[in-house]
Amino acid sequence: MIIHLLRDSAALGELAARHVEVAMLETRDQVLGVATGSTPESTYAALSRRAARGTFRTDRLCVFALDEYIGLPRDHPQCYRKVLERSLSEPLGIEPSRIHVPTDDGGSRSASAAKFEEAIVEAGGVHVQILGIGRNGHIGFNEPGSDFHSTTRVVKLAESTRRANSRFFGSIEDVPPRAMSQGLATIMRSRRLMLMAVGAEKAEPIARALAGAVSPALPASVLQRHARLTVYLDRAAATRLDLDAIRSIATVHDWS
Ligand code: PGA
């Protein structure tokens with residue numbers, strides 16, 4: 001595990017975008033796994049600047065989202081496909097057909113989930129997966145209790161997740177209760193994982209995920225088992241980590 005400590009979200013976005021760009025040079029199949037939420041926005045903005053400068057090539061880039069709400073109209077501004085069009089496909093010039101979102105496509109939901117898993121395999125597997133973390137330790141919408149062997153499926157959102165995400169909607173009642181999410185096993189199959197967290201409310205889940213017991217009670221703790229995990233934290237998100245202790249299992253780069 002490699003941990004980068006950054007001054008703020010902008011610095012985090014710059015470094016993470018540089019790492020995405022470099023990692024994509026390792027592979028012919030340019031498959032990027034993306035998260036929604038506030039945390040990766042600075043990375044997407046930095047990637048857009050790199051694409052505009054011509055250093056980050058997006059002509060073959062293919063994107064897989066972690067999750068999508070169930071039951072939102074397709075043109076709802078919080079529909080994750082729409083969110084990704086705004087923050088990624090438009091600024092990076094990626095055709096919408098190369099953005100894959102795990103969603104209901106009219107058939108049975110389990111068939112849609114299986115089709116999404118197949119699409120990842122057909123694309124060559126996710127090379128770099130960007131991840132945020134929920135205050136309850138979720139990754140994607142894999143809430144506490146999620147099976148480490150889980151693949152893409154329909155999930156019920158935790159009350160705390162709906163409350164946190166109500167900032168993007170009018171009220172908690174407007175946040176859909178269910179979503180389709182990549183599973184923990186799906187995420188763990190990505191060749192490289194980039195976990196990012198910003199802000200004091202992420203300090204505790206980050207400390208538990210990186211240095212606590214590996215348990216479905218804290219889904220992000222499964223990431224400790226990944227051979228190529230890189231973590232990007234601002235100062236506030238790193239305050240509960242015992243940096244001296246974690247140096248025995250991680251390389252820490254302090255840019256803050
Ligand atoms: P955030 O969400 O980046 O908006 O904090 C992260 C998450 O809930 O996974």
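Reading guide: rules and limits
- Residues numbered from 1 in each chain as written.
- Predicted model: local features only at pLDDT ≥ 70, side-chain atom pairs only at ≥ 80, totals over all residues.
- Heavy atoms only, no water.
- Pairing = 2+ DSSP bridges.
- Helix = DSSP H or I, 4+ residues; strand = E, 2+ residues; numbered from the N terminus.
- Axes fitted to C-alpha atoms, helices over the stretch in contact; angles between N-to-C directions.
- Contact = heavy atoms within 4.5 Å.
- Buried < 20%, exposed > 50% of the residue type's maximum accessible area, 1.4 Å probe, protein only.
- Core = buried A, V, L, I, M, F, W, Y, C linked by side-chain atoms within 4.5 Å.
- Near = heavy atom within 4 Å.
- Polar contact = N/O pair within 3.5 Å; in protein donor to acceptor, adjacent residues only side chain to side chain.
- Areas by Shrake-Rupley, 256 points an atom, 1.4 Å probe, with all protein chains shown as cover.
- Nonpolar A, V, L, I, M, F, W, Y, C, P; charged D, E, K, R; others polar.
- Salt bridge = Lys/Arg side-chain N within 4 Å of Asp/Glu carboxyl O.
- Phe/Tyr/Trp six-rings, centres within 6.5 Å; stacked < 30°, edge-to-face > 60°.
- Bend = angle between axes of the 7 residues up to and from the residue.

Caption draft 1: How the structure looks around the sheet that holds strand β4 (residues 67–69). Strand order in the open sheet formed by three strands is β4-β8-β7, with antiparallel pairing between adjacent strands. The outermost strands of the open sheet, each flanked by one partner alone, are β4 and β7 (153–156). Adjacent strand axes in the sheet meet at a mean angle of 30°, parallel and antiparallel pairs treated alike. Pairing of β7 with strand β8 (residues 178–181), which is carried by four bridges, proceeds in the antiparallel orientation. Along β8, the bridge assignment pairs R153 with S181. Contacting β7 and β8, helix α4 (residues 109–122) crosses the sheet at an angle of about 30° to β8.

Caption draft 2: A look at the pairing of β8. Across three bridges, β4 lies against β8 in antiparallel orientation. Residue pairing in the sheet places Y69 in a bridge with A179 of β8.

Caption draft 3: Fine view of helix α7 (residues 203–211). Turning to α7, its buried residues number three or more, namely A203, P205, I206, A207, A209 and L210. Buried-residue contacts for α7 involve β1 (2–6), β9 (192–197), β10 (229–234) and α8 (243–246).

Caption draft 4: Geometry of the nonpolar core. In this structure, I3, L195, L210, L223 and L233 are the most contacted members of the largest nonpolar core, which totals 59 residues. Take this core: its biggest share by element is eight residues, from helix α1 (residues 9–24). Residue contacts for L210: discarding those within four places in its chain leaves M1, I3, L195, Q224, L229, V231, L241, I246 and I249. Ranked by size, the runner-up nonpolar core spans ten residues in total, among them V83, V155, L157 and V175.

Caption draft 5: View of the site of the ligand. Near the ligand the following residues occur: G37, S38, T39, I133, G134, H138, R167 and K202. One of the side-chain nitrogen or oxygen atoms of H138 is found 2.8 Å away from an oxygen atom of the ligand. At a separation of 2.8 Å, an oxygen atom of the ligand approaches a polar side-chain atom of R167. Protein chains bury 83% of the 280 Å² of accessible surface belonging to the ligand in isolation. Grouping the amino acids of the shell around the ligand by side-chain chemistry returns one nonpolar, five polar and two charged.

Caption draft 6: Just the pattern of salt bridges, in detail. Counted by the stated rule, this structure contains nine salt bridges. For E21, the salt bridge is made with R50, and the minimal N-O distance between the two is 2.8 Å. Note that E21 is positioned in helix α1 and R50 in helix α2 (residues 41–53), a separation of 29 residues in sequence. For E21, a relative accessible area of 13% gives the class buried.

Caption draft 7: The arrangement of the packing of aromatic side chains in detail. The final tally for this structure, using the stated rule, is five aromatic pairs. Where F64 meets F116, the ring centres are 5.7 Å apart and the plane angle is 70°; that geometry is what we call edge-to-face. Of the two residues, F64 is situated in strand β3 (residues 62–65) and F116 in helix α4; the sequence distance between them amounts to 52 residues. Judged by relative accessible area, which is 0%, F64 ranks as buried. Given a relative accessible area of 5%, F116 falls into the buried group. Between Y69 and F141, the ring centres sit 5.7 Å apart and the planes meet at 45°, which makes this aromatic pair tilted. Of this pair, Y69 sits in strand β4 while F141 sits in the loop between β6 (128–131) and β7; the two residues are 72 residues apart in sequence, bridging distant segments of the chain.

Caption draft 8: Just helix α3 (residues 80–92), in detail. The largest bend in α3 comes to about 40°, at R86. Three or more residues of α3 are buried, namely Y80, V83, L84, E85, S87, L88, S89 and L92. The inward-facing, buried residues of α3 abut β2 (31–34), α2, β3, β4, β5 (99–100) and α5 (159–165). G93 sits one or two residues past α3 and shows a positive phi near 70°.

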